[in-house]
Amino acid sequence: MDRHLSISVYAFFRGYHHKMCCLPSSAPTGRVNSFASALMALAGLFFGFQTPALAKEVVIGVFAYQGEQVATSDWSPMLNYLNAALPSDQFQLASFDAQGLRAAIAQHHVDLVITNPGYYVAMEYEFGLSRIATLATHQALSTSKAIGSAVIVRADRHDMKELSDLAGKRMAAVAPQAFGGYLVVAREMLHQGVDPESDLTEVRFMGLPMTNIFAAVQSGAVDAGIVRACLLEQLNPQGALKRSDFKVLSPRHEPGFACALSTPLYPDWPIAVTRTTDRTLAKRVAQALLNMPETPSGLSWSVPTDYQTVHDLYRELRIEPYAYLRESTPKALLLRFWPWLLGLALLLVAWGIHTVRVEQLVQRRTAQLRDSLDAREAAEARMRDHQEQMEHLSRLSILGELSGNLAHEINQPLTTIGNYARSVLRRQADGRLTPEAVQEACNEINNEAERAGGIVRRIRHFARKRSAVRESTQVPQLAQEARRLILGMLRHPPTITIDDQSLPQAQVMADGPQIQQVLLNLIKNAIDAGRDLPLERQAILLRLETTDNRLLVQVIDQGCGLSEANLSRLFEPFFTTKPDGLGLGLPICKTIIEAHGGRLWAELNQPGPGMRFLFTLPSHVTTA
């Protein structure tokens, strides 16, 4: 009889021990377990029997979002399986709300944690939880696509079809931190341009059960409500509400998923171990859960899935563990922008190295450029000297070719002066010298002397070597002076006509003697082209026109012209069609015109005979 009594007492205390270990979160589990163990030990001493070795207690903390009773009903099949599969461990279920579960983990009162993916991500960061398996159900497409939400409105609300239509409306949800009851919808609303914190008139958090949200929407207390996916379809067969009374905003189609959705699907609930959980125990539990047969309600476990989509959601909403993204402290900014700051630092370092390198290259290149510029300036100085010498020789060549006629032209005024002087002497010897005769002779002598002096001055001015000086110049005046110089040096000059159609106020910035040299050279070539032709074909025309801010000068002759072959080589140095020519006149003229920003070319004189030499110079119009 004592034996039976002992067994009965042991069974009583063993059941009491098991009952006390399954108390809700508010119970001090550590002290309860110790008290139950002490009672069993005392019973053994009193009745004279030895208690068998107690199994190691393993507490599974469950987030009971629908209350302890529902949580016990949902998770009891798994608990019974673990106790049967792992007899060396005694598994107990402890139900908590969100804050209670967080406190139990912090105080090391739980060994395993079952919670929704949102709380898992937050507590993973805070407490170092590690998932060992992910829940698998018939309803889910997969372990990574299981949880979603639907935003419901009354079916007669035709003003709302998309989540973007919620701006300015009232919405009901479970709680600010409810994963399927608020957060997944908040993310989708942001994607559609609606900020639930500022663009809604009101967000009313109504807690559980979610049927309260259906009632609030149906009564018009709110415009829309957030419920977990498939709840609408589950309640409809029970007659609690009519599916036709509601519609879902922004409906999404997930192939194979039978319930209405307003959001993407996220991973299912995980089971995780804490930092203090024995690693060997975690391995045994993981193996047992992966081998657990499917329960009658369709619950089983699979390998841990990827929860990156949940991390992305929390990061976009900037809530724990990413709440620091909302802060503007230096630490928060560092955590938020550290990749950019690191990239910027690397960029600055690279820029510093590049700057030092570039500075060295610039200094080296500057020295090379300075040497090159010095050499270039020296070469340009030598070239200018050579150019000036060539231009001077060209002018002397023109004068040399006209020297015979020049001597004749100067000899004419000298002869006239001598004749008037001798006439005065004869009249004085004959006594016929009157004041009037003296006055006439002096006037003629003076005129002829000025004429000879003018010829000499123009020749000296044209022939002297000088540095180029550019100033505002009137080309028509230069053409007139060139004409006078040519007519004064030739014994039988041809007719030279100047047709000035340029604007009176048109001037060019040019070196006058250089432009005059070009005119003289072109006129002399025109004279040579018609030298052996009849007088009417020896005439030369100078035409000046203003067009498009440029002065166009044409020297037109009626000579024999040039062949196409000679015309293409006309401006080559040392090419000439004259028996005694050097072939430098036209190349020098081309160089002068191009140095002034103009262009010199030649073409056949159409439709008449001869050639037409043309050059342009940049022109500006002066205002009075």
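Predicted, not measured: the structure shown is a model, and the values here were computed from it.

Cut-offs and rules
Residues numbered from 1 in each chain as written. Predicted model: local features only at pLDDT ≥ 70, side-chain atom pairs only at ≥ 80, totals over all residues. Heavy atoms only, no water. Buried < 20%, exposed > 50% of the residue type's maximum accessible area, 1.4 Å probe, protein only. Helix = DSSP H or I, 4+ residues; strand = E, 2+ residues; numbered from the N terminus. Pairing = 2+ DSSP bridges. Right-handed = clockwise from strand over helix to strand, strands pointing away. Disulfide = S-S within 2.5 Å. Axes fitted to C-alpha atoms, helices over the stretch in contact; angles between N-to-C directions. Contact = heavy atoms within 4.5 Å. Core = buried A, V, L, I, M, F, W, Y, C linked by side-chain atoms within 4.5 Å. Lys, Arg positive; Asp, Glu negative; His and termini not counted. Salt bridge = Lys/Arg side-chain N within 4 Å of Asp/Glu carboxyl O. Polar contact = N/O pair within 3.5 Å; in protein donor to acceptor, adjacent residues only side chain to side chain. Parallel < 35°, antiparallel > 145°, perpendicular 65-115°, else oblique. Left-handed = near helix turned anticlockwise from the far one by under 90°. Nonpolar A, V, L, I, M, F, W, Y, C, P; charged D, E, K, R; others polar.

Burial of strand E1 (residues 56–63) is extensive: 6 of the 8 residues sit out of reach of the surface. As paired strands, E1 and strand E2 (residues 89–96) are joined by 8 bridges and run parallel to one another. Counted as the bridge partner of Val62 is Ser95 from E2. For the crossover from E1 across helix H3 (residues 68–85) to E2, the handedness is right-handed. Pairing geometry for E1 and strand E3 (residues 112–114), over 3 bridges, is parallel. The residue of E3 that forms the bridge with Val62 is Ile114.

A word on the state of the cysteines. Disulfides are covalent bonds that link the sulfur atoms of two cysteine residues. Taken as a whole and assessed by the stated rule, the structure comprises 1 disulfide. Residue pairing for Cys230: its cysteine sulfur links by disulfide to Cys259, the two sulfurs lying 1.9 Å apart. Every disulfide takes its handedness from the sign of the S-S torsion; for Cys230 and Cys259 that torsion is 105 degrees, giving right-handed. Here Cys230, found in the loop between strand E8 (224–228) and helix H8 (231–235), pairs with Cys259, found in the loop between strand E9 (246–248) and strand E10 (270–273); they are 29 residues apart in sequence, far enough to count as distant.

Moving on: the sheet that holds strand E7 (residues 202–205). With mixed pairing, the 5 strands of this open sheet are ordered in space as E7-E6-E8-E5-E9. Single-partner strands in this sheet number two, and they are E7 and E9. Across this sheet, the average inter-strand angle for adjacent strands is 30 degrees, counted without regard to direction. Inspection of the sheet shows strand E5 (residues 149–154) paired to E9 by 3 bridges, in the antiparallel sense. Along E9, the bridge assignment pairs Arg154 with Phe246. Relative to the sheet, helix H6 (residues 179–191) contacts E5, strand E6 (170–173), E7 and E8, its axis offset from that of E8 by approximately 120 degrees.

What follows concerns the nonpolar core. If you look at the biggest cluster of nonpolar residues, it comprises 76 residues, and the most contacted ones within it are Ile60, Trp75, Phe91, Leu166 and Trp301. Here this core gets 7 residues from one element, more than from any other, and that element is H6. Residues contacting Trp75, with those up to four places away along its chain left out, are Val62, Leu93, Ile114, Leu135, Trp269, Leu299 and Trp301. Within the second largest apolar cluster, 39 residues are counted, among which are Ala482, Ile515, Ile527 and Leu567.

For the rest of this paragraph, the subject is the side chain of Arg612. Summarising the element assignment, Arg612 is placed in strand E18 (residues 611–618). Despite its burial, Arg612 pairs with no opposite charge; the closest candidate is Glu603, at 4.1 Å N-O. A polar side-chain atom of Arg612 sits 2.7 Å from a polar atom in the side chain of Gln554. Filtering out sequence-adjacent residues up to four positions away, Arg612 remains in contact with Arg543, Gln554, Val555, Ile556, Trp601, Ala602, Glu603, Asn605 and Gln606.

Ordered in space as E2-E1-E3-E10-E4-E11, the 6 strands form an open sheet in which the pairing is mixed. Edge positions in the open sheet fall to E2 and strand E11 (299–302), since each of these has one partner strand only. Here the average twist between neighbouring strands, direction ignored, is 25 degrees. Sheet topology places E3 next to E10; 3 bridges connect them, and they run antiparallel. Its bridge partner lying in E10, Leu112 is registered against Val273. Strands in contact with H3 are E1, E2, E3, strand E4 (130–137) and E11; relative to E2, the strand with the most contacts, it is inclined by about 165 degrees.

With that out of the way, let us pick up the packing of H6 against helix H10 (residues 308–317). Interaxial distance between H6 and H10 falls to 10 Å at its minimum, and their mutual angle equals 65 degrees. Judged by the inter-axis angle, H6 sits roughly perpendicular to H10. Two packed elements cross with a definite hand, and for H6 against H10 that hand is left-handed. Contacts between H6 and H10 involve Phe179, Leu183, Val184, Ala186, Arg187, Leu190 and His191 from the former and Thr309, Val310, Asp312, Leu313, Tyr314, Glu316 and Leu317 from the latter. Partitioned by chemical class, the residues of the contact of H6 with H10 number 9 nonpolar, 2 polar and 3 charged.

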